[in-house]
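# Per-entry structural report
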Amino acid sequence: AESNSIHNQRELLLEYLKKHPEMELYKEYKDDGYTGTNFDRPEFQRMLESIRRGQVNCVLVKDLSRFGRDYIEAGRLIQKAFPAYHVRFIAVTDNFDSLTADYNTRSLVLPVKNFINDSYCRDISCKVKSHQKIKREQGKFIGAFAMYGYCKTAEDKNKLCPDGYAADIVRKIFSWKLEGMSALAIAQKLNGLGVLSPMEYKKAHGEKFSTGFYTNASAKWSAVAVKRILTNEIYTGTMVQGKKEQVNYKVKKMVEKPKEEWVRVEGTHKAIVPKEDFELVQALL
């Protein structure tokens, strides 16, 4: 369903067009659910392509923050790229029209407003990170998806409980490792038994799961996937989070954090594997 924000913006812009019969609506571009700090939004990129093809000569938005919240990129597009393609830019509620804007508006007001929008995003990012840090330190699970072997409880999405079938598979993986099997041999055995891989298991349960790891069309168990389970301390009842962090609010890339900076809280959920078995497996690995 479309968000109220998009609906309200459309109503405002269509009302503006009614008052300006000289303008003709070519196409509507909307990126519902995308952050304004990201200029790689699919519809935004389609709009830029339409501009490059000469199909669009005016861009109409509710305000500058709806266009984008990265003051450097927003300024580059509005003050350099659009004029180069003879494209008029209008931000209705900010009362900005590149066709009639004077030097002060272009050089002072526009950059300041874009900078304020950017600063707002940075402030929100800091608050979110601070809130997540507090939750981690309290032992609350803040991931989008529970790791294989666990699921989120119905009463509290920040608490984990064992997922019967998958938890049993995890126990078997540790048991086979303790019997001397390699990670590759365990993966082959799981595939031979027809056990769904963690990714396929989540998909089978209707979760909209995606991964940054490379997979085939139908993901199978691999030695890497098995080792990822064998080295995950969370199966002992200890919540381990904060292993990665985003570079900053503008760059979505995640970087690994030193192990000593991870947040570990013991006894937050029911263990699937005894700590003694986990430690013995680490020694074997």
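Our subject is the structure listed above.
Let me sum up the structure you'll find in this document. All values reported here derive from a predicted model rather than from experimental measurement. (Residues numbered from 1 in each chain as written. Predicted model: local features only at pLDDT ≥ 70, side-chain atom pairs only at ≥ 80, totals over all residues. Heavy atoms only, no water.)

### Section: a nonpolar patch on the surface
Residues Y71, I72 and F115 make up a contiguous nonpolar surface patch of roughly 290 Å² in combined accessible area. Along the polypeptide, F115 turns up in helix α5 (residues 103-137). (Patch = residues over 30% accessible without salt bridge, like charges linked within 9 Å, V, L, I, M, F, W, Y side chains within 5 Å. Areas by Shrake-Rupley, 256 points an atom, 1.4 Å probe, with all protein chains shown as cover. Salt bridge = Lys/Arg side-chain N within 4 Å of Asp/Glu carboxyl O. Helix = DSSP H or I, 4+ residues; strand = E, 2+ residues; numbered from the N terminus.)

### Focus on the pattern of salt bridges
The final tally for this structure, using the stated rule, is 16 salt bridges. R41 serves as the salt-bridge partner of D31, at 3.6 Å between the closest nitrogen and oxygen. Here R41 lies in the loop between α1 (4-18) and α2 (42-52) and D31 lies in the loop between α1 and α2, a separation of ten residues in the sequence. Judged by relative accessible area, which is 15%, D31 ranks as buried. Residues joined by salt bridges that share partners form a network here, namely E49, R52 and R53. (Buried < 20%, exposed > 50% of the residue type's maximum accessible area, 1.4 Å probe, protein only.)

### Quick word on the packing of aromatic side chains
On inspection of all chains with the given rule, the structure shows 13 aromatic pairs. When the ring of F174 is compared with that of Y235, the centres are 6.3 Å apart and the planes differ by 70°; the resulting orientation is edge-to-face. Of this pair, F174 sits in helix α6 (residues 164-178) while Y235 sits in the loop between α9 (223-230) and β6 (239-241), and the two are 61 residues apart along the sequence. The exposure class of F174 is buried, given its relative accessible area of 2%. Its relative accessible area of 1% is what places Y235 among the buried residues. Members of the aromatic cluster, connected to one another through ring pairs, are F39, F44, F67, F82, F89 and F96. (Phe/Tyr/Trp six-rings, centres within 6.5 Å; stacked < 30°, edge-to-face > 60°.)

### Re the side chain of D31
Here the side chain of D31 touches F44 through a polar contact of 2.9 Å, landing on its backbone nitrogen. Apart from residues no more than four positions distant in its own chain, D31 is found in contact with R41, P42, E43 and F44. (Polar contact = N/O pair within 3.5 Å; in protein donor to acceptor, adjacent residues only side chain to side chain. Contact = heavy atoms within 4.5 Å.)

### What to know about the nonpolar core
Y148, I173, F174, L190, W221, V226 and Y235 are the most contacted members of the largest nonpolar core, which has 31 residues in total. Elements with a minimum of two residues in this core: α6, α7 (183-192), α9 and α10 (275-284). Per element, the largest residue contribution to this core is seven residues, and it comes from α6. If near-sequence neighbours (up to four positions away) are discounted, V226 is found in contact with I173, A183, I186, A187, L190 and W221. Core analysis: the next-biggest nonpolar cluster, separate from the first, contains 21 residues, F44, M47, I51 and A91 among them. (Core = buried A, V, L, I, M, F, W, Y, C linked by side-chain atoms within 4.5 Å.)

### Here's the deal with the pairing of strand β2 (residues 88-91)
The pairing of strand β1 (residues 58-61) with β2 spans four bridges and is classified as parallel. Within β2, the position partnered with C58 by the bridge is R88. Sheet topology note: the β2/strand β3 (residues 96-97) ladder contains two bridges and is antiparallel. Of the residues in β3, the one forming a bridge with I90 is D97. Remark: four residues form the turn of the hairpin made by β2 and β3, two consecutive strands paired antiparallel; N95 in that turn has positive phi of roughly 55°. (Pairing = 2+ DSSP bridges.)

### Some words on the side chain of N158
Relative to the assigned elements, N158 resides in the loop between β4 (150-152) and β5 (160-162). A relative accessible area of 13% places N158 in the buried class. Polar contacts involving the side chain of N158 include one to the side chain of K135, which spans 3.4 Å. When residues no more than four places from it in sequence are discounted, the contact partners of N158 are K135, K140, F141 and I142.

### Points about unusual backbone geometry
Among all residues except glycine, the phi angle is most often negative; among peptide bonds, the trans geometry is most common. Even without being a glycine, H86 presents a positive backbone phi close to 60°. Accessibility expressed as a relative area gives 68% for H86, which makes it exposed. Phi is positive for N95, close to 55°, though the residue is something other than glycine. Looking at the secondary structure, you find N95 in the loop between β2 and β3.

### A short note on the packing of α6 against α7
Where α6 meets α7, the axes come as close as 10 Å, and the angle between the chain directions of the two elements is 140°. Judged on the interaxial angle alone, α7 and α6 are oblique. Between α6 and α7 the crossing geometry is right-handed. Side by side, α6 and α7 meet where I169, I173, W176 and K177 of the first sit next to I186, K189 and L190 of the second. In terms of residue class, the contact of α6 with α7 is built from five nonpolar, no polar and two charged. (Axes fitted to C-alpha atoms, helices over the stretch in contact; angles between N-to-C directions. Parallel < 35°, antiparallel > 145°, perpendicular 65-115°, else oblique. Left-handed = near helix turned anticlockwise from the far one by under 90°. Nonpolar A, V, L, I, M, F, W, Y, C, P; charged D, E, K, R; others polar.)

### A word on the sheet that holds β3
A sheet is described by the order of its strands in space; here three strands give the open sequence β1-β2-β3, paired in mixed fashion. A strand with exactly one partner marks an edge of an open sheet, and here the two such strands are β1 and β3.

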